[in-house]
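Geometric and topological summary
Each chain, letter by letter, is given below.
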Amino acid sequence: MAASSSSALDALMLPFAQGLLEWPRGPVLFLRARDGAALRRFPLEQLVCEQGFRPEADALERAGLHVVADVASLQDTSQFPLVLVLPSRQRDEARALLARAVQWAAPGGRVVAAMDNNEGARSGEADLKALAGSVSALTKFHCRTFWTPSLKAADEYPLLQTWAALDAPRAIEGGRYLSRPGVFAWNRIDPASALLAEHLPADLSGAGADLGAGWGYLSVSALSRCPGIHALDLYEAESRALALARDNLAACAPSARCDFFWHDVTHGLPKQYDFIISNPPFHAQGRADRPDIGQRFIAAAAAALKPRGRLWLVANRHLPYESELRTHFASVRTVAERDGFKVIEAVRAA
């Protein structure tokens, strides 16, 4: 993940480094922003960085950059002479992001985007061309960088409003839940989460947490199944997913108090719990397996559970979590295995 991210950022800044484009004097908006050496060659005080993924946002904040989860939250909503963007590989989300980039660009400004060749770069270039009418491009670092000419007013671009709405929240599963393109398992119930929900015991009670809560399916399931829960905290690193979880939990009208945290679980948890449920991620923002993320979720859960506290976890069968679980828990048992997934209960010592 890190290598691909760095390559896309290097490619994004290349037209400026080579003198093909001029860095503007005014403010610069960076959508899906990432920190890196290539970025630091330019005036960082000009940047407004939109990043909804907590680990990337934390890295940008550590670099001293101005970070927001949503640029629409800014009090000053003036447009920008330059908008940088690193689109995702989910096409509806990427198209919506490019449309937002054009909307935020001031007349006479431009949009510059970069994508890894294996993450849909050619499609991204074609999409920006369809939006803006023409683009220039270069390839380097196994990535493609593409940019608009000087842009006209946003109402000159007929696709803009339609594409900006492509990743809007919408009902799924017969209207039971809200989701949106780009979040994990956005258009279906993830089969691993479904397996865990099926095996959650009805006696979970007290105060609990859902780590990596996504759009809220496991939390809704736990609250429906376990009447003894009086409080549930949802921790999620992707702000777009967490906003959906708020809506989905509100719709199920739980009797328990629910709180929502935009948080990187690998940094630990601020509270103590009677139980924790989790379908931990095993990718970051790339495709390579990252079992270390799940292992750090397990360590964070162990540190946050009260004595005799219970962790209910689901994972792909091949992921090496048992050793980490036995390090931190007095009892570890596999409850169910199906379709390549495993459900595990782990109990803290008294």
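A brief report on the enclosed structure follows. (Residues numbered from 1 in each chain as written. Predicted model: local features only at pLDDT ≥ 70, side-chain atom pairs only at ≥ 80, totals over all residues. Heavy atoms only, no water.)

Focus on the overall build of the protein chain
A count of helices and strands for the protein chain gives 10 helices and 16 strands. On C-alpha atoms alone, the protein chain measures out to a radius of gyration of 22 Å, which is about the 20 Å that the 2.2 N^0.38 rule sets for 350 residues. Along the first, second and third principal axes, the C-alpha atoms of the protein chain reach 65 × 40 × 40 Å. When each of the 350 residues of the protein chain is scored for burial, the buried share is 53%. For the protein chain, contacts bridging at least 24 residues in sequence account for 68% of all contacts bridging at least 6. (Helix = DSSP H or I, 4+ residues; strand = E, 2+ residues; numbered from the N terminus. Rg over C-alpha atoms; globule rule 2.2 N^0.38 Å. Buried < 20%, exposed > 50% of the residue type's maximum accessible area, 1.4 Å probe, protein only. Contact = heavy atoms within 4.5 Å.)

Observations regarding helix α6 (residues 191-199)
For α6, the set of buried residues is A192, S193, L195, L196 and A197. Elements that come into contact with the buried residues of α6 comprise α7 (217-225), β13 (273-278), β14 (305-316), β15 (331-338) and β16 (341-347).

Let's talk about the sheet that holds β15
Read across the sheet, 7 strands follow the order β12-β11-β10-β13-β14-β16-β15 without closing on themselves; strand pairing throughout is mixed. This sheet does not close on itself; its edge strands, each paired only once, are β12 (257-262) and β15. Neighbour-to-neighbour, the strand axes of this sheet turn through a mean angle of 15°, independent of strand direction. As judged from the 7 bridges shared by β15 and β16, these two strands associate in the antiparallel manner. (Pairing = 2+ DSSP bridges. Axes fitted to C-alpha atoms, helices over the stretch in contact; angles between N-to-C directions.)

Comments concerning the packing of aromatic side chains
Evaluated as defined, the whole model comprises 9 aromatic pairs. A ring pair is formed by Y177 and Y217, whose centres lie 5.9 Å apart and whose planes are at 75°; its orientation type is edge-to-face. Taken together, the residues Y177 in strand β9 (residues 177-179) and Y217 in helix α7 connect sequence positions 40 residues apart. Among the residues examined, Y217 registers a relative accessible area of 13% and is labelled buried. Aromatic pair Y235 and Y273: ring centres 6.4 Å apart, planes at 85°, arrangement edge-to-face. Of this pair, Y235 sits in strand β11 (residues 229-236) while Y273 sits in strand β13; the two residues are 38 residues apart in sequence, bridging distant segments of the chain. The burial state of Y235 is the same as that of Y273; both residues are buried. (Phe/Tyr/Trp six-rings, centres within 6.5 Å; stacked < 30°, edge-to-face > 60°.)

Some points on the environment of G208
Here G208 shows up in strand β10 (residues 206-211). According to the relative accessible area criterion, G208 is buried, its value standing at 0%. Measuring from C-alpha to C-alpha, the distance between G208 and L196 comes to 15 Å, with 12 residues separating the pair along the chain. Ignoring sequence-local partners within four residues, the contact set of G208 consists of A231, L232, D233, Y273 and F275.

Some points on the environment of D58
Topologically, D58 is positioned in helix α2 (residues 54-62). It is 9.7 Å that separates the C-alpha atoms of D58 and D35, two residues lying 23 residues apart in sequence. Those residues within four positions of D58 in sequence are excluded, and the remaining contacts are D264 and H267.

Examining the nonpolar core
One recurring pattern in soluble globular proteins is that nonpolar side chains are buried together. In terms of nonpolar packing, the biggest core is built from 37 residues, with W215, I229 and I277 touching the most fellow members. Of all the elements in the fold, those that place two or more residues in this core are α6, α7, β11, α8 (239-251), β12, β13, β14 and β16. (Core = buried A, V, L, I, M, F, W, Y, C linked by side-chain atoms within 4.5 Å.)

Details of the environment of V68
Relative to the elements of secondary structure, V68 occurs in strand β3 (residues 66-68). Distance from V68 to E50, taken between C-alpha atoms, is 5.0 Å for residues 18 residues apart in sequence. The residues contacting V68, other than those within four sequence positions of it, are V48, C49, E50, Q51, S73 and L74.

Regarding the side chain of D190
For D190, the position within the fold is in the loop between β9 and α6. Put simply, D190 is tucked away with no salt bridge, and the nearest opposite charge, on R188, sits 4.5 Å away. At 3.1 Å, the side chain of D190 and the backbone nitrogen of S193 are in polar contact. Excluding residues within four positions of it along the chain, D190 makes contact with F184, A185 and N279. (Lys, Arg positive; Asp, Glu negative; His and termini not counted. Salt bridge = Lys/Arg side-chain N within 4 Å of Asp/Glu carboxyl O. Polar contact = N/O pair within 3.5 Å; in protein donor to acceptor, adjacent residues only side chain to side chain.)

Focus: the pattern of salt bridges
The tally for this structure, following the rule as stated, stands at 24 salt bridges. In this structure, R144 engages E125 in a salt bridge whose closest nitrogen and oxygen atoms are separated by 2.9 Å. Remark: E125 occurs in helix α4 (residues 121-132) and R144 occurs in strand β7 (residues 143-147); sequence separation between them is 19 residues. Taking the relative accessible area as the measure of exposure, R144 reaches 12% and is therefore buried. Between R310 and E345 there is a salt bridge; the shortest N-O distance is 3.2 Å. Highlighted residues: R310 in strand β14 and E345 in strand β16, separated in sequence by 35 residues. For the pair R310 and E345, a shared accessibility class is recorded, and that class is buried. Taken together, the salt bridges that share partners define one network made up of R32, E93, D167, R180, E238 and R240.

Comments concerning unusual backbone geometry
One non-glycine residue, A185, lies in the positive phi region at around 50°. By the secondary structure assignment, A185 is in the loop between β9 and α6. A positive phi angle is found at D339, which is not glycine, with a value near 55°. As for its placement among the helices and strands, D339 is situated in the loop between β15 and β16. Its relative accessible area of 65% is what places D339 among the exposed residues.

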